[in-house]
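# Structural overview for review
Given next are the chains, with one letter for each unit.
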Amino acid sequence: MLENISSTLAQMTNWQFGFVVFVTLGVTVYMTSRISKSIRSHRARRHRRQTAVAALGAIIAELPSLRRELLEIAELAKSNALTAIVRFFNTTSIWQDRDLATIVRELKDVGDQKNAAAVESLGKLFEQFRMTGRAQYGWNRTEKGQLVTEDDVYLGNIWGIWTFNVSYWREVGKRNDPKGTHGYAEKGNYFSTRNTYDIICDQAREFIDDHTPVMVGLIDELTDRDVRKLRIA
């Protein structure tokens, strides 16, 4: 085979030989460039993945304190639902402002399959923060970074009751209106044992009771995955 190659090269003119060398060098340079770009791309992707996983680990490390806060709020809601709902929105709004969806998108974009379950749980948790966070015409009418106060949390629009903020409902509570004065009240039914203030407090309490177990469950899913065991490679 080597003899055939040598014979072929010997029969080539200088121009033909030069052309072959030129093409060979061109292909070599092209392939080297492609390989180099592929290596750089792989390194960049790996760096993005490492950065995103590190951010995920930092978030997971904070979740136990959030879990305790949510459970404390749920307990407080049993006796003081209006104070609890304001505290609840302050807690979820801070996390909503952090925009965990960006980290979720980054981990999915770099194809991080090794932590897919944790990423999925984090995405669901952020959705809970979004659902219970700030909204211009919702319950928690604040802007990003704003402290939530009783003037910003609106309750009502239920059972024919108008919507007002917590500060207003505090004043209503001080009146200590008679029970069973709501238009839907009938002997022995729910409204017969409630006044308007009680109904509003129940609304706040039920909101907390609906969302807290979901959040705590997602936090447990994430914290069960030891931060040290997150896969970075």
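Refer to the structure above for everything that follows.
Please read these numbers as outputs of a predicted model, since none were measured by experiment.

## Concerning the pattern of salt bridges
A full pass over the atoms with the stated rule returns 13 salt bridges. Two residues, R98 and E62, come together in a salt bridge whose shortest N-O distance is 2.8 Å. With a gap of 36 residues between them, R98 in the loop between α3 (81–97) and α4 (100–109) and E62 in helix α2 (residues 14–77) connect regions that are remote in the sequence. The class of R98 is partly exposed, set by a relative accessible area of 36%. According to the relative accessible area criterion, E62 is partly exposed, its value standing at 32%. With a closest N to O distance of 2.8 Å, R87 and E72 form a salt bridge. Linking R87 in helix α3 with E72 in helix α2, this pair joins segments that are 15 residues apart in sequence.

## Some details on helix α6 (residues 166–175)
For α6, the complete set of buried residues consists of V166, W169 and V172. End-on view of α6: buried residues confined to an arc of 110°, all on one side of the axis. Opposite its buried face, α6 presents the exposed residues K174 and R175, each directed more than 90 degrees away. The inward-facing, buried residues of α6 abut α3, β1 (154–155), β2 (164–165) and α7 (196–223). Note on α6: the residue one or two positions beyond its end, N176, has a positive phi of about 55°.

## Re the environment of I161
By the secondary structure assignment, I161 is in the loop between β1 and β2. Note on I161: relative accessible area 9%, which makes it buried. Measuring from C-alpha to C-alpha, the distance between I161 and T196 comes to 7.7 Å, with 35 residues separating the pair along the chain. Once residues lying within four places of it in the same chain are set aside, the contact partners of I161 are G156, W169, H182, T196, I199 and I200.

The rules behind the values
- Within every chain, residues take consecutive numbers counted from 1 along the sequence as written.
- Owing to the predicted nature of the model, reporting of local features is limited to residues with pLDDT of at least 70; listing and counting of side-chain atom pairs is limited to 80 or more, with chain, interface and lining totals taken over all residues.
- To get the side-chain values, all heavy atoms of the structure are used, and hydrogens and water are removed first.
- Between Lys or Arg on one side and Asp or Glu on the other, a salt bridge is scored when a side-chain nitrogen of the former is within 4 Å of a carboxyl oxygen of the latter.
- Think of it this way: any DSSP run of H or I at least four residues long counts as a helix, any run of E at least two long counts as a strand, and we number them from the N terminus.
- Burial classification: accessible surface area is computed with a 1.4 Å probe over protein chains only, and a residue below 20% of its type maximum counts as buried, one above 50% as exposed, and the rest as partly exposed.
- The arc in question is the one spanned by the directions pointing from the helix axis to the C-beta atoms.
- Should any heavy atoms of two residues lie within 4.5 Å, those residues are counted as being in contact.

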